[in-house]
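Secondary and tertiary structure notes
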Amino acid sequence: MSAFDDLLTANEKFSATFTNAGLTGRAACGLALVTCMDSRIDPLGLLGLKPGDAKILRNAGARVTDDVLRTLVLAVNLLGVERVLVMPHTDCGVTKVTDEEVHAIAARRGVDTRSLDFHTVPDQDAALRHDLVRIRTSPFLPPGMPVGGAIYDVRTGKLMPVET
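Residues numbered from 1 in each chain as written. Predicted model: local features only at pLDDT ≥ 70, side-chain atom pairs only at ≥ 80, totals over all residues. Heavy atoms only, no water.

1. Concerning the overall build of the chain
The criterion, for reference: Each helix corresponds to a stretch of at least 4 residues labelled H or I by DSSP, and each strand to a stretch of at least 2 residues labelled E; elements are numbered beginning at the N terminus. Any residue under 20% of the maximum accessible area for its type is buried, any over 50% is exposed, and the rest in between are partly exposed; the area is computed with a 1.4 Å probe on protein chains only. By definition in these notes, contact holds between two residues if any of their heavy atoms fall within 4.5 Å. For every accessible area listed, the method is Shrake-Rupley and the probe measures 1.4 Å; residues are considered covered only by the protein chains on display. The charged-residue count follows a simple rule in which Lys and Arg add positive charge and Asp and Glu add negative charge, with His and chain termini not counted at all. The atoms used to mark charge sites are NZ of Lys, CZ of Arg, CG of Asp and CD of Glu.
Looking only at helices and strands, the chain has five helices and five strands in total. Along the chain direction, N to C, the helices and strands of the chain fall in the order α-β-α-β-α-β-α-α-β-β. In terms of its C-alpha atoms, the chain occupies a principal-axis envelope of roughly 55 × 45 × 30 Å. Residue burial in the chain is summarised as follows: out of 164 residues, 36% are buried. Nonlocal contacts in the chain, meaning residues at least 24 apart in sequence, comprise 67% of its contacts between residues at least 6 apart. Counting every atom, the chain has about 10,100 Å² of accessible surface; 58% of that belongs to carbon and sulfur. Separation between the mean location of the 18 positive side-chain charges and that of the 20 negative ones in the chain comes to 3 Å.

Following this line, the structure appears as structure tokens:
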């Protein structure tokens with residue numbers, strides 16, 4: 001038995017009733033969502049979307065890293081994205097540690113992670129505002145493109161918009 005047998009079995013059931021073969025890969029609603037990798041977040045469901053409506057970019061802390069910017073440039077130029085929502089969430093693990101603490105935890109396991117920047121978040125509101133400015137001022141994205149921010153509450157399912 002492999003570590004992935006449960007997933008392969010579930011995929012067999014999923015593929016038997018698969019109905020999304022006609023989707024094009026473009027963001028039908030023109031939306032890119034930058035959110036966290038936290039498994040409590042159902043990005044399509046919480047926004048009333050369905051497969052094919054949006055491009056979903058996920059990483060620890062919903063941070064706008066260089067790779068997220070690269071992906072947004074591709075999404076805008078190739079995949080129909082016209083607006084971006086950055087959506088971190090309450091009770092996020094990267095708000096509870098510093099990069100130094102993560103390096104120390106990894107070191108105790110014999111792994112040297114000092115070459116990595118984990119983009120931990122000591123102040124979630126400030127980090128979100130910084131990331132929104134980063135997108136809005138990117139020379140690689142259209143000026144004036146709608147960019148919004150909201151914090152998702154994992155306890156209530158509600159979005160709390162952040163005005164900037």
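From this point, the narrative continues.
2. Let's talk about empty space enclosed by the protein
Where we set the bar: A pocket here means an open set of points on a 1 Å grid, computed over the protein atoms alone, that has protein on both sides within 12 Å along at least five of seven lines. A cavity is instead a set of points where a 1.4 Å probe fits but cannot get out; residues with an atom within 4 Å of a point line either one. Grid points are joined across faces, edges and corners, and a volume is the space filled by probe spheres set on the points. When residue character is reported, Ala, Val, Leu, Ile, Met, Phe, Trp, Tyr, Cys and Pro are called nonpolar, Asp, Glu, Lys and Arg charged, and the others, Gly included, polar.
For the structure shown, the criterion picks out one cavity of 30 Å³ or more. In this structure, the largest cavity encloses a volume near 40 Å³. Lining the largest cavity, in full, are G61, A62, R63, P88, V121, Q124, A127, L128 and D131. When grouped by side-chain class, the residues that make up the lining of the largest cavity number five nonpolar, two polar and two charged.

3. Digging into the environment of P161
The residue P161 is located in strand β5 (residues 159–162) in this model. In this structure, the C-alpha to C-alpha distance between P161 and R26, residues 135 residues apart in sequence, is 26 Å.

4. Quick word on the side chain of H89
As for its position among the elements, H89 is in the loop between β3 (83–87) and α4 (99–108). Residues within four places of H89 in sequence aside, it is in contact with C36, D38, R40, I41, Q124, I151, Y152 and V154.

5. Considerations on α4
Test applied: This arc corresponds to the set of directions leading from the helix axis out to the C-beta atoms.
Listed as buried for α4 are D99, H103 and A106. Relative to the axis of α4, the buried residues are bounded by an arc of 65 degrees and lie together on one face. Among the exposed residues of α4, those oriented more than 90 degrees off its buried face are E100 and R108. One or two positions beyond α4, positive phi appears at G110, with a value near 85 degrees.

6. Thoughts on the sheet that holds β3
Defined as follows: Two strands are counted as paired when DSSP detects at least two bridges linking them. What counts as an axis is a line fitted to C-alpha atoms, over the stretch in contact for a helix, and the angles between N-to-C directions run from 0 to 180 degrees.
Read from one edge to the other, the open sheet built from five strands follows the order β2-β1-β3-β4-β5, with strand pairing classed as mixed. Only two strands of the sheet have a single partner each, and these edge strands are β2 (54–59) and β5. Taken over all neighbouring pairs, the strand axes of this sheet differ in orientation by 25 degrees on average, direction set aside. Bridge analysis of strand β1 (residues 31–36) against β2 gives six bridges, and the strand direction is parallel. Each residue of the ladder has a partner; that of L33, found in β2, is I56. Helix α3 (residues 66–78) contacts β1, β2 and β3 of the sheet and is inclined by roughly 175 degrees relative to β2. Most of the contacts of helix α5 (residues 124–136) go to strand β4 (residues 147–152), to which it runs at about 155 degrees, and overall it touches β3, β4 and β5.

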